[in-house]
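Structural features, examined
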Amino acid sequence: MLELGGGQKAAMNLVKDISEAEFMAEVVDGSKEVPVIVDFWAPWCGPCKTLGPLLEDAVKAAKGAVRMVKVNVDEAQAIAGQLRIQSIPTVYAFFKGQPVDGFQGALPASEIKAFVERVIKAAGGDASGGLDDAVAAAEEMLDQGEAVDAAQTFAAILEEEPAHAGAYGGLVRSYIAMGELDQAEAILNGAPAEISKAAELEAAHAQLLLARQATKAGPIAELTAAVEANPDDHQARFDLAQALYAKGDAGAAVDQLLDIFRRDREWNDGAAKTQLFTIFEALKPNDPVALHGRRKLSSMIFA
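Looking at an unreviewed UniProt entry, the protein chain carries the name Thioredoxin, with the source organism given as Maliponia aquimaris. Recorded in UniProt under Sequence similarities (unreviewed entry), the annotation for the protein chain is "Belongs to the thioredoxin family."

Let's talk about the packing of helix H10 (residues 199-214) against helix H14 (residues 271-282)
At a closest axis distance of 7 Å, the pairing of H10 and H14 adopts a crossing angle of 120°. When the interaxial angle is binned, H10 and H14 end up oblique. In terms of crossing hand, the pair formed by H10 and H14 is left-handed. Between H10 and H14, the contacting residues are Glu202, Ala203, Ala206, Gln207, Leu209, Leu210 and Gln213 on the first element and Gln275, Thr278, Ile279, Glu281 and Ala282 on the second. Tallied by class, the residues present in the contact of H10 with H14 amount to six nonpolar, four polar and two charged.

Side note on the pairing of strand E3 (residues 67-72)
Most of E3 sits out of view: six of its six residues are buried. Note that strand E1 (residues 15-17) and E3 share three bridges and pair parallel. If you follow Val15 over to E3, its bridge partner there is Met68. Strand direction decides the pairing type here: strand E2 (residues 36-41) and E3, joined by six bridges, are parallel. Of the residues in E3, the one forming a bridge with Val36 is Arg67. The parallel pair E2 and E3, bridged by helix H3 (residues 46-61), forms a crossover whose chirality is right-handed.

Looking at the sheet that holds strand E5 (residues 98-104)
Sheets are built from strands that pair by backbone hydrogen bonding, the pairs being arranged parallel or antiparallel. One open sheet holds the five strands; their spatial order is E1-E3-E2-E4-E5, and the pairing between them is mixed. Edge positions in the open sheet fall to E1 and E5, since each of these has one partner strand only. Each strand of the sheet is rotated relative to its neighbour by a mean of 20°, with strand direction disregarded.

Section: the nonpolar core
Ranked by size, the top nonpolar core spans 29 residues in total, and within it Tyr245, Leu257, Leu276 and Ile279 carry the most contacts. When residues of this core are traced back to their parent elements, those giving at least two are H10, helix H11 (220-229), helix H12 (234-246), helix H13 (250-263), H14 and helix H15 (288-302). Contact partners of Tyr245, with chain neighbours within four places excluded, come to Leu210, Ala250, Ala253, Ile279, Ala282 and Leu283. Counting 26 residues, the second largest nonpolar core, distinct from the first, contains Leu171, Val172, Ala184 and Ala211.

As for the pattern of salt bridges
All told, the structure shown has 16 salt bridges when counted by the stated rule. With a closest N to O distance of 4.0 Å, Lys32 and Asp29 form a salt bridge. Asp29 gets classed as partly exposed once you look at its relative accessible area, which sits at 36%. Two residues, Asp182 and Arg212, come together in a salt bridge whose shortest N-O distance is 3.0 Å. Of this pair, Asp182 sits in helix H9 (residues 181-189) while Arg212 sits in helix H10, and the two are 30 residues apart along the sequence. A relative accessible area of 59% places Asp182 in the exposed class.

Examining the side chain of Glu200
Residue placement: Glu200 occurs in helix H10. Residues contacting Glu200, with those up to four places away along its chain left out, are Glu117, Lys121, Ala165, Gly166 and Gly169.

A closer look at the layout of surface pockets
Vacant regions in the atomic arrangement are exposed by a probe of water-molecule size rolled over the atoms. A volume near 1000 Å³ is recorded for the second largest pocket. Contributing to the lining of the second largest pocket are 32 residues, with Gly102, Phe103, Lys273, Phe277 and Ile301 lying nearest its centre. Secondary structure elements with two or more residues in the lining of the second largest pocket: strand E4 (90-95), E5, helix H5 (109-122), H14 and H15. When residues in the lining of the second largest pocket are grouped by element, the largest group, six residues, is from E5. Here the lining of the second largest pocket is composed, by residue class, of 14 nonpolar, seven polar and eleven charged. Both domain 1 (15-123) and domain 3 (220-302) contribute no fewer than three residues apiece to the lining of the second largest pocket.

With respect to the environment of Asn13
With respect to the element layout, Asn13 can be found in the loop between helix H1 (7-12) and E1. Of the residues examined, Asn13 reaches a relative accessible area of 38% and is grouped as partly exposed. Along the chain, Asn13 and Arg295 lie 282 residues apart, while their C-alpha atoms are 27 Å from each other.

What counts and what doesn't
Residues numbered from 1 in each chain as written. Predicted model: local features only at pLDDT ≥ 70, side-chain atom pairs only at ≥ 80, totals over all residues. Heavy atoms only, no water. UniProt positions renumbered as here; feature names shortened; annotations may be inferred. Axes fitted to C-alpha atoms, helices over the stretch in contact; angles between N-to-C directions. Helix = DSSP H or I, 4+ residues; strand = E, 2+ residues; numbered from the N terminus. Parallel < 35°, antiparallel > 145°, perpendicular 65-115°, else oblique. Left-handed = near helix turned anticlockwise from the far one by under 90°. Contact = heavy atoms within 4.5 Å. Nonpolar A, V, L, I, M, F, W, Y, C, P; charged D, E, K, R; others polar. Buried < 20%, exposed > 50% of the residue type's maximum accessible area, 1.4 Å probe, protein only. Pairing = 2+ DSSP bridges. Right-handed = clockwise from strand over helix to strand, strands pointing away. Core = buried A, V, L, I, M, F, W, Y, C linked by side-chain atoms within 4.5 Å. Salt bridge = Lys/Arg side-chain N within 4 Å of Asp/Glu carboxyl O. 1 Å grid on protein atoms, 1.4 Å probe; cavity = no way out; pocket = protein on both sides within 12 Å on 5 of 7 lines; lining within 4 Å. Points joined across faces, edges and corners; volume = space filled by probe spheres on them. Domains from an automatic or database assignment.

Encoded structure:
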């Protein structure tokens, strides 16, 4: 027999409206253990009425791995101003008191689900279901450089569950690791519609973009010399970041891109920020480089 006030109350508390005065306790302090998604909305906002219910459904489906609060910007203008909310709906995800992800505007249900999964994984949680042990084993093979074996394992998982996003993304990444970029792209383009926007496939797509960039990366020594000679040569620094990532130094690549953003965030239509998000998507959600980079970028944006 269900115990009323226990399970039902916990479920209701996954989504709640909060006031400006509650923001610190509910979001900054409340995100220390479990990520908190903040939906900034207003009663007069049409897209907000579309986004809100879809976001609530995705949060409730996560069964406690993430919480959600709704903030009416008309009644919380100080918070909206501090976070530079310029249009609504705007959604931010907080973990350990810091914004770690976000988006603006209404999104389709598939992209909202992928966003929630990405937030959960960034906090070290697990948003996936069955066959996880087999996926984990295949991921370990891939990490150890056994790309062919990993691809075979991912393919076997997909025979049992064709829409397993983790296995599908892993199969794409296996072919990237083998240097078969065209085959990786063909697999990615053939993904089932229901998982085409899943976080795992977005990560694989980001890795594919970076792998193609790597084939054109310039010499690190020459690019480093160019940057040292002229620190405001943003193109040289951008090219250096690409070359560093191609050599496996994601941390150094992120640092170079953050430096461009710090110096001129609008350079080349915001190319540094776009490249940063591509790298963040390509890395594992709980990768220290991604977590540190996201926090540093957020601190610059909100400074």
